[in-house]
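# Descriptive analysis of the structure
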Amino acid sequence: MEGYKLEGDIITINRELTSLDLFVRDFLDILKRYSDYLVVSGFVSISTGRTRGTEDVDIIFPIIKKDKFALLFEDLQKNGFWCYQNDDAEAAYEYIKNMQSIRFARTDEMFPNIEFIPFNEKKKAKYFEYSHPQKIKIKDFEFKIPPIEFEILFKEIVLAGKKDIADALHLRTFFSKILKKEKFKEYEPIIKEELK
Amino acid sequence: MKKILDDLDYVVIYAKQLSKNKKLFEQQKRLIEDQIAASSSLFKNSFGKDFKQGARKYLKGIGLIA
């Protein structure tokens, strides 16, 4: 049986759920009550089979108001997550307000953790990928990632570390049958803007 | 002369096999489960009862939080 299939606009990965998937799923189940999101970076490669260790899962979200954030924060705490930066929602929101990320892990655990990254419309690349989500499904866990071509180029052009180049190569190879050249052309100038 | 395979060559070989054969995901699952279990055990033993306090001290030490 093949490793994945594309049905409509959903890519289904043919594998069992891992503890890492369950961690991300539990976090997203709470987050979705308050905000939309996009899972980006390492978890995109790992969830599609790249075999390497990871400590954090990057999730971007459009900046939300303080009162909504406080509800989300309390919900996360009530459901078994703790925030690295602070136990107080108001103090944690100071980071968000300043467009800085904060991290969450399960109670009494250090890793894996979620790097929870706010963005606004000024962050062009983030706003673009967020506005063009690709759905991924593993068993009953469905979540949103950037378009695969976008993720590949971002890793190759912006991040460009050894790990990122390997991740991009994994995605290029694993999804070779469904990647579209015209999408690479469309996304490249958007991503190169990040470097200016 | 025979080419010596590097890390990226193995990434390609593995991804090609994975796209054809879902059984390889089982290896990946084992690696992930082992990593999470090892990390959990390490930090629980390191920080003991006041986990959060120990964890934040460690995180400050490695510069992950201010």
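Residues numbered from 1 in each chain as written. Chains lettered and ligands numbered in written order. Predicted model: local features only at pLDDT ≥ 70, side-chain atom pairs only at ≥ 80, totals over all residues. Heavy atoms only, no water.

### Description of the environment of Ser101 of chain A
- The residue Ser101 of chain A is located in the loop between helix 4 (89-97) and strand 6 (102-106) in this model.
- At 2.7 Å, the side chain of Ser101 of chain A forms a polar contact with the side chain of Glu115 of chain A. (Helix = DSSP H or I, 4+ residues; strand = E, 2+ residues; numbered from the N terminus. Polar contact = N/O pair within 3.5 Å; in protein donor to acceptor, adjacent residues only side chain to side chain.)

### Regarding helix 8 (residues 181-193) of chain A
Residues and elements named next belong to chain A.
- Considering bend angle alone, the principal kink of helix 8 is centred on Tyr187 and spans about 30 degrees; proline Pro189 follows within four residues of it.
- Of all the residues in helix 8, the buried ones are Phe184, Tyr187 and Ile191.
- Those residues of helix 8 that are buried lie in contact with helix 5 (124-131), helix 6 (148-159) and helix 7 (162-174). (Bend = angle between axes of the 7 residues up to and from the residue. Buried < 20%, exposed > 50% of the residue type's maximum accessible area, 1.4 Å probe, protein only. Contact = heavy atoms within 4.5 Å.)

### Some details on the environment of Pro62 of chain A
Residues and elements named next belong to chain A.
- In this fold, Pro62 is placed in strand 4 (residues 56-62).
- Through-space distance from the C-alpha of Pro62 to that of Ser35 is 7.7 Å; in sequence the pair is 27 residues apart.
- Beyond its immediate sequence surroundings of up to four residues, Pro62 is in contact with Ser35, Asp36, Phe119 and Tyr130.

### Quick notes on the interface of chain B and chain A
- Chain B puts 33 residues into the contact, and the matching count from chain A is 40 residues.
- Both sides of the chain B and chain A interface together cover about 3200 Å² of buried area, and 66% of this is carbon and sulfur.
- On the surface where chain B and chain A come into contact, there are four salt bridges.
- Here Asp7 of chain B and Lys162 of chain A are joined by a salt bridge, their closest N and O atoms 3.7 Å apart. (Buried area = accessible area lost by both parts, 1.4 Å probe. Salt bridge = Lys/Arg side-chain N within 4 Å of Asp/Glu carboxyl O.)

### A word on the pairing of strand 8 (residues 134-138) of chain A
Residues and elements named next belong to chain A.
- The side-chain alternation of strand 8 yields one buried face, formed by Gln134, Ile136 and Ile138, and one unburied face, formed by Lys135 and Lys137.
- Sheet topology places strand 2 (residues 10-13) next to strand 8; four bridges connect them, and they run parallel. Residue pairing across strands places Ile13 opposite Ile138, the latter belonging to strand 8.
- Hairpin geometry of strand 8 and strand 9 (residues 141-145) is characterised by an intervening segment of two residues between the two adjacent antiparallel strands and by a positive phi of about 55 degrees at Lys139. (Pairing = 2+ DSSP bridges.)

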